[in-house]
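Structural description and commentary
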Amino acid sequence: MIKLLILEDDAEMNHALCIYFKKAGYTVLQAFHCAQAQSIAEENPPDIIIADIGLPDESGLSFCAKILKEQKIPVLFLTAKDEETDILNGYEAGCEEYVTKPVSPKVLLKKVEVILKRNPASDNILYYQDLKIDYEKRRVWIGSTEIMLTVKEWKILQILSKNKGQIVTKELLLQKIWDAENNFVEEHTVTVVINRLRKKIETDTSKPAYIKNIFGVGYTFGE
């Protein structure tokens, strides 16, 4: 699961962001000053950091520059400082994104997801459009909403997504999922499970964004 460190001295905002990102499926680490964040980053390195700039013990800018010398952790600044010089200083310090307060949690989540796509945290996590797949935990989200899948639905999504952009035949799915369990079934069974899966993850099943039919052959995930 993605680990997010929130460095924010405003306790109310820190806790609100913590709750929101936990609901979105993140493991959240909290720090209220730079020394605390430094200690956390050394002992339990996060995959991404959301940091304020105006902090009680040290500027978020210097913290960002210092942490990036030691570890490759993407930093998103979330701050009230909105002058052009502030923004330029943020990027000079090495941040991936500079966001000014106030910002909606949904927009902030999307910016975090975009950063993680540029900086993959783990081979165990896949981000594609609004879909997030955690292979280790066997959990799936559309946006911030977790989608509950059956065992067969999960196995099909896992195989297709791990072969993103490649054609996967019905025969292969049958062999990998059903035949492996000594359950010999017809190809139509795959179609039934695919249709159930699409209803859970696709916005429009008539124009699927994730699982697409390759006529007479099988399926492909994504582009």
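Just so you know, the residues in each chain are numbered from 1, in the order the chain's sequence is written. The model is predicted, so local features are restricted to residues of pLDDT at least 70 and side-chain atom pairs to those at 80 or more, both for listing and for counting; the totals for chains, interfaces and linings are taken over all residues. Computation of side-chain values: all heavy atoms of the structure, hydrogens and water removed.

Our focus in this paragraph is helix H7 (residues 170-178). For H7, the set of buried residues is Leu173, Leu174, Ile177 and Trp178. Axial view of H7: buried residues confined to an arc of 100°, hence all on one face. Among the exposed residues of H7, those pointing more than 90 degrees away from its buried face are Gln175 and Lys176. Turning to H7, the residues buried within the fold contact helix H6 (151-162), strand S10 (167-169), helix H8 (187-201) and strand S12 (218-221). Any residue under 20% of the maximum accessible area for its type is buried, any over 50% is exposed, and the rest in between are partly exposed; the area is computed with a 1.4 Å probe on protein chains only. Helix and strand labels come from DSSP, where a helix needs a run of H or I of at least four residues and a strand needs a run of E of at least two; each type is numbered from the N terminus. To be clear, the arc concerns the directions from the helix axis to the C-beta atoms. Note on contacts: a residue pair is in contact if any heavy atoms of the two residues lie within 4.5 Å.

We call two strands paired when DSSP finds no fewer than two bridges between them. Ordered by their spatial adjacency, three strands build an open sheet running S10-S12-S11, and the pairing between neighbours is antiparallel. With one partner strand each, in any of the chains shown, S10 and strand S11 (211-214) form the two edges of the open sheet. The average undirected angle you get between the axes of adjacent strands in this sheet is 35°. One ladder, built from four bridges, connects S11 with S12; its direction is antiparallel. Note that in S12 the partner of Ile211 across the bridge is Phe221. Here, axes are lines fitted to C-alpha atoms. For helices the fit covers the stretch in contact, and angles between N-to-C directions go from 0 to 180 degrees. Lying on the sheet, H6 is in contact with S10, S11 and S12; it crosses S12 at an angle near 70°.

Before going further, it helps to examine the packing of aromatic side chains. Pairs were defined over the aromatic rings of Phe, Tyr and Trp, the Trp ring being its six-membered one, requiring ring centres within 6.5 Å. Orientation was assigned from the angle between planes: stacked under 30 degrees, edge-to-face over 60, tilted for the rest. The full count for this structure, using the stated rule, is eight aromatic pairs. Between Phe77 and Tyr98, the aromatic rings sit 6.3 Å apart at their centres with planes inclined by 65°, giving edge-to-face as the arrangement. Placement of Phe77 in strand S4 (residues 75-79) and of Tyr98 in strand S5 (residues 97-100) is noted, with a sequence separation of 21 residues between them. This pair shows no difference in class: Phe77 is buried, exactly as Tyr98 is. Ring centres of Tyr210 and Phe221 lie 6.3 Å apart, and the angle between their planes is 25°; on these two criteria the pair is classed as stacked. Separated by eleven residues along the polypeptide, Tyr210 in the loop between H8 and S11 and Phe221 in strand S12 bring together distant segments of the chain.

None of this, on its own, says anything about what the molecule does.
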